[in-house]
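A structural walkthrough
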Amino acid sequence: MNVSIIGAGNMAKGLAAVFTAAGHRVTIAARDKVKGEAAAQEAGNGATAGSIAEAAAADIVVLAVPYQGAFEAIEAAGGLVGKIVIDITNPMTEDFSGLSIGHTTSAAEEIQKKFPHARLVKAFNTVFAQVLQNGGKIAGKPVTVFVAGDDAEARTKVVELAQDAGFETQVTGSLSTARYLEPVAALNITLGYGLGHGVAIAPTWQRAA
Ligand SMILES: NC(=O)c1ccc[n+]([C@@H]2O[C@H](COP(=O)([O-])OP(=O)(O)OC[C@H]3O[C@@H](n4cnc5c(N)ncnc54)[C@H](OP(=O)(O)O)[C@@H]3O)[C@@H](O)[C@H]2O)c1
């Protein structure tokens, strides 16, 4: 698949590294050309840099920007009409002490509301960037990517991408289940940073055979 990642920060680099390692073509679409090129180089495996305006040419576009920047980023990408868009954002407060929205909506739903023709899928928001740098594994075991979305075909494509890159996946249902996934990421941050358990942690979901 061709994947464009909007953003050139920790998650953009980490996702670019795991996707390219699985053989996908990745373009880092940054608002700052120099940062984009540096991020692509750091990600390695042939990742390239491009502009946000060009991101819509990919099969899948990843929003690896802060929640507050997601709206501007999609506008800059031309609205992403008909495009599969992976929302990895967590709407954290500025001091990371909590979520700025939740319970009755989610970042994913707010983005979808503003851009109803993008095929939004929430995924990867519970995986720390440092875990991505470790190939998406903890102690050699793949971590879980939770996948929420209203468009079943888009959800399946994102599951395929995540599984290709070596992750376990768990579909959680409609996009509104992002209301549950975003607090899980906040719990992850509380455990990892707040309570000092470090970032080599990830939530998973298990069932008895
Ligand atoms: N870090 C994690 O472990 C983690 C885990 C799961 C989910 N997430 C989520 O992933 C997203 C990215 O996190 P991160 O840690 O990668 O952040 P980061 O390292 O701070 O990188 C953010 C990137 O977004 C770009 N950006 C900001 N506003 C933008 C806009 N309006 N248009 C285009 N680009 C914009 C920044 O560009 P400039 O450099 O030009 O400012 C930067 O390249 C966040 O929503 C976060 O909640 C993070």
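Our structure is the block above this text.
Just so you know, these numbers come straight off a predicted model, no measurement behind them.

Take the overall build of the chain next. Helices and strands together make up the secondary structure of the chain, namely 7 helices and 10 strands. Rg of the C-alpha trace for the chain: 16 Å, near the compact-globule value of 17 Å for 209 residues, within the 12% margin. Here the chain holds 209 residues, and the buried ones make up 47% of them.

Glancing now at the site of the ligand. Around the ligand, the structure places 27 residues, and the nearest of them are Gly7, Gly9, Met11, Gly69 and Thr89. Elements represented by at least two residues in the shell around the ligand include exactly α1 (10-21) and α3 (67-76). When residues of the shell around the ligand are assigned to their parent elements, the largest contribution, 4 residues, is made by α3. Taken together, the residues of the shell around the ligand break down into 16 nonpolar, 7 polar and 4 charged.

Below, the discussion takes up the sheet that holds strand β5 (residues 84-87). Ordered by their spatial adjacency, 8 strands build an open sheet running β3-β2-β1-β4-β5-β6-β9-β10, and the pairing between neighbours is mixed. Only two strands of the sheet have a single partner each, and these edge strands are β3 (48-50) and β10 (168-173). Taken over all neighbouring pairs, the strand axes of this sheet differ in orientation by 30 degrees on average, direction set aside. Bridge analysis of β5 against strand β6 (residues 119-122) gives 4 bridges, and the strand direction is parallel. The residue bridging Ile84 from the neighbouring strand is Arg119, located in β6. Lying on the sheet, helix α2 (residues 33-43) is in contact with β2 (25-29) and β3; it crosses β2 at an angle near 150 degrees.

The subject of this paragraph is the nonpolar core. A general trend in soluble globular proteins is that nonpolar side chains are found buried together. Formed by 71 residues in total, the largest nonpolar core has its most connected members in Ile5, Ile6, Leu15, Ala16, Ile28 and Val62. Per-element tally for this core: the top contributor is α1, with 7 residues. Once you skip the residues sitting within four places of it in the chain, Ile28 turns out to touch Ile5, Ala8, Ala12, Ala16, Gly36, Ala39, Ala40, Ala43, Ala47 and Ala49.

Time to look at α3. Those residues of α3 not exposed but buried are Tyr67, Ala70, Ala73 and Ile74. Along α3, the residues classed as buried sweep out an arc of 95 degrees about the axis, all on the same side. On its buried face, α3 sits against β1 (2-6), β4 (60-63) and α4 (107-114). Of the residues one or two after α3, Gly78 is the one with positive phi, at around 85 degrees.

Reading the values: rules and limits
- Residues numbered from 1 in each chain as written.
- Predicted model: local features only at pLDDT ≥ 70, side-chain atom pairs only at ≥ 80, totals over all residues.
- Helix = DSSP H or I, 4+ residues; strand = E, 2+ residues; numbered from the N terminus.
- Rg over C-alpha atoms; globule rule 2.2 N^0.38 Å.
- Buried ≥ 20, exposed ≤ 12 C-beta atoms within 10 Å, placed from the backbone.
- Near = placed C-beta within 6 Å.
- Nonpolar A, V, L, I, M, F, W, Y, C, P; charged D, E, K, R; others polar.
- Pairing = 2+ DSSP bridges.
- Axes fitted to C-alpha atoms, helices over the stretch in contact; angles between N-to-C directions.
- Contact = placed C-beta atoms within 7 Å.
- Core = buried A, V, L, I, M, F, W, Y, C linked by C-beta atoms within 7 Å.
- Arc of directions from axis to C-beta.

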